[in-house]
Structures are given as C-alpha cells and as structure tokens.
Amino acid sequence: MIKIELVTGDSLIELPKIQDESIDLIITDPPYNLSKDYGKTKDNLEFEEYLEFSKEWLTECKRILKKSGTIYVFMGFRYISYIYDILSRHLNMNFVNWISWHYTQGIGKTKGFSPRHDDILMFSKLPNYKFNLDNIRVPQKYYRSINNMRGANPGDVWEFSHVHYCNDNRQKHPTQKPEGLIERMVLASSNEGDVVLDPFSGSGTTLRVCQQLSRNCIGIEINPEYINMASCRLQKPFTGFDSVDPRMERIPFDLNDEIIRNEYITNHIKWFLKNHEGSMDKFMKQVNEVYYKKTLKKNSLFDD
Ligand SMILES: C[S@@+](CC[C@H](N)C(=O)[O-])C[C@H]1O[C@@H](n2cnc3c(N)ncnc32)[C@H](O)[C@@H]1O
C-alpha cells in the first residue's frame, strides 16, 4: 500500500525534518522569483536573497536523497544558470541532463522572441543512478526489423502543452504543470514503491502522478489553500493523465505487413497509451488515416 502525504509548511523548515538518504527521487518546481501571486509568499526576493534561499533548500535535497537518487528542478531562464552552478559546483552533484520543456502556446512578446520553453535540470547524487529507459520510450517513426519497436529514447526536448483552462483537470493554480511531463520523470527515475518528494507541490501534480504510478510521495506546500486543492484532486476518479507527448499518438508509416501491423497496434496501446485513455481515439484515427483509408482508395481504383 503506497502513502501519499501532504505537508503544510515552509520547505526551509520541513526539509530538515526528513531523514538522511531516505528519498529516491525529488521532482520540484520551485517559485521562479518572477513575481507570481501564490497567495502566501513573496515571489520577488532580491537576487542574492533568492540564490541563498535556493542554496538552502537544494542543500537539504542533496542530504535526503539516496545514493541512487535523482533530482529534477524546473527553472526559468533568469536563474537557471545560477541553479546549475549551485547543483554542480557548490553541491558537487552529478549532471545528467538539461531538459527543455517546449510548449506550443504562451505569452506573446512584441520585442524579442516569445518564450516557448522552460528548462529542467536533472542531476543525480552520484554517477550510478537509477534510469529505466524502457519505461519511457516513444514510438518509432518507421518500422524496421533492426529498430527496437519498443520505441526510441525521448531525447531532451519534451513537448507537452500546458493544461488548458477547459481541461477538467485544470486547477486554480497559476503554474500547474502537465501530468504527462511528471509521469516521464517518475517512470524514468523511480520504481514502484519508491519514495518521491516534491518540496513545492502547488496543486499536487507530482502527488497525483505518483498515486497513479504506485509510488509513495511527500508534497510540501506553504499555502493551505493549495494543500486543500491537491487533497481534492487526489480523491477524484482517475480517467488518464491530462497531457501526452504527441509522438505517443503516431503510428509508424511503413507497417505494410498486416500481421506485423496488428501485433504492433496491440503493443503500441500497451506500451505507450497506458494511463492515456484520452489518446486512444487519436491513435486509432492515425491508424485509419495511414493504412485503411489508403487501402480502401486503392481497392476502389481497382474496382474502376
Ligand atoms: C511553481 S509552483 C508549483 C506548481 C506545481 N508544480 C503544480 O503543478 O501545481 C511553486 C509553489 O511553491 C509554493 N511555495 C513557495 N514558497 C514555498 C516554501 N518556502 N515552502 C513550500 N512551498 C512554497 C507556492 O505556494 C507554489 O504553490
């Protein structure tokens, strides 16, 4: 039985209460210090003050992470290089990836280019960290007998749209993250029964994903209203994660052999669309477009 725990409080006070080397994975999306209104906290600290705050909670994260553990930190462009410096030089952690989360919509700038990505730093405590590649593969573009049809490595540019205002899962939180994105981190860097921590849990995205993927999870959040929001979210019936990498909905273009194609379609659903029931229709539409419509056309030409 897994445990999903919500802690109301300041991470600077709550993190020191956690035992050394007791956490398998930390996923966190701290305030970016860009003057967002989170109700309870000031998101406009002085530059040095923000770096001190970051250093303090990141130092605690390193202490509580297991030797095989990983940390993912979301960050905006203004501070990311400084956060990288804290993780790499100050804490001497092991750099793994600098991931770009590419989103298709966002604010429009009139001078300069409109921002369309946030970045995520992935560091491990030591070089020998957990990484389950087979659990996070994405479908191949082409069927080739030499290709691993279980899929390709997703790479370090991840496309997920923001959770739209009309999505049933949309919460009243200014910076809610897409579940599909967190799902990839949880699947890659933890196993069932592991302990995941989110020190700035907001609307509870990491907790919701862990609940569905059978991981234990602790979320710390300073604003009690967001704690209530997360608690309600955790009680809702699950109908699939609210976002998906669009590559999951595509079918290879050259599955010409019908036996291989049918076997692939069954595997595709099992491998890539588990927890993404909402993508089934789109995937089957793709199958139909790429294969059956074409076949029908060909047959009707023959009939003529
Ligand atoms: C960027 S948001 C996290 C959003 C979250 N990933 C989600 O999907 O909803 C950062 C959160 O950190 C909380 N926060 C700010 N300072 C905090 C602190 N010192 N301790 C704990 N939580 C804090 C804010 O209230 C806010 O909800």
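Reading the values: the criteria
- Residues numbered from 1 in each chain as written.
- Predicted model: local features only at pLDDT ≥ 70, side-chain atom pairs only at ≥ 80, totals over all residues.
- Heavy atoms only, no water.
- Salt bridge = Lys/Arg side-chain N within 4 Å of Asp/Glu carboxyl O.
- Helix = DSSP H or I, 4+ residues; strand = E, 2+ residues; numbered from the N terminus.
- Buried < 20%, exposed > 50% of the residue type's maximum accessible area, 1.4 Å probe, protein only.
- Disulfide = S-S within 2.5 Å.
- Domains from an automatic or database assignment.
- Contact = heavy atoms within 4.5 Å.
- Buried area = accessible area lost by both parts, 1.4 Å probe.
- Polar contact = N/O pair within 3.5 Å; in protein donor to acceptor, adjacent residues only side chain to side chain.
- Nonpolar A, V, L, I, M, F, W, Y, C, P; charged D, E, K, R; others polar.

## Quick word on the pattern of salt bridges
In step 1: Tallied over the entire structure, the rule returns 15 salt bridges.
In step 2: The salt bridge partner of Glu 21 is Lys 67, with a shortest N-O separation of 3.1 Å. On the criterion of sequence distance, the pair formed by Glu 21 in the loop between helix H1 (11–14) and strand E2 (23–28) and Lys 67 in strand E3 (residues 65–75) is long-range, its members being 46 residues apart.
In step 3: Since its relative accessible area comes to 33%, Glu 21 is described here as partly exposed.
In step 4: One salt bridge connects Asp 24 with Lys 130, and the closest N-O pair in it is separated by 3.6 Å. One end of the pair, Asp 24, is in strand E2; the other, Lys 130, is in the loop between strand E5 (117–124) and strand E6 (157–159), with 106 residues separating them in the sequence.

## A word on the state of the cysteines
In step 1: Under the criterion given, the structure shown has zero disulfides.
In step 2: Summary of cysteine pairing: Cys 61 is not part of a disulfide, and the nearest cysteine sulfur, belonging to Cys 217, is at 13 Å.
In step 3: Cys 61 gets classed as buried once you look at its relative accessible area, which sits at 1%.
In step 4: Note on Cys 232: no disulfide assigned, nearest cysteine sulfur contributed by Cys 217 at a separation of 17 Å.

## Some points on the domain arrangement of the protein chain
In step 1: Parsing the protein chain into structural domains produces domain 1 (4–235) and domain 2 (250–303).
In step 2: Each of domain 1 and domain 2 has a C-alpha centre, and these two points are 34 Å apart.
In step 3: The partner domain 2 presents 13 residues to the 13 residues of domain 1 that form the contact.
In step 4: Summed over both partners, the interface of domain 1 with domain 2 buries about 1,200 Å², with 58% contributed by carbon and sulfur atoms.
In step 5: Between the two partners, domain 1 and domain 2, sit zero salt bridges.
In step 6: Inspection of the domain 1/domain 2 interface yields four residue pairs in polar contact (both at pLDDT 80 or more).
In step 7: Considering only residue class, the side of domain 1 that touches domain 2 consists of six nonpolar, two polar and five charged.

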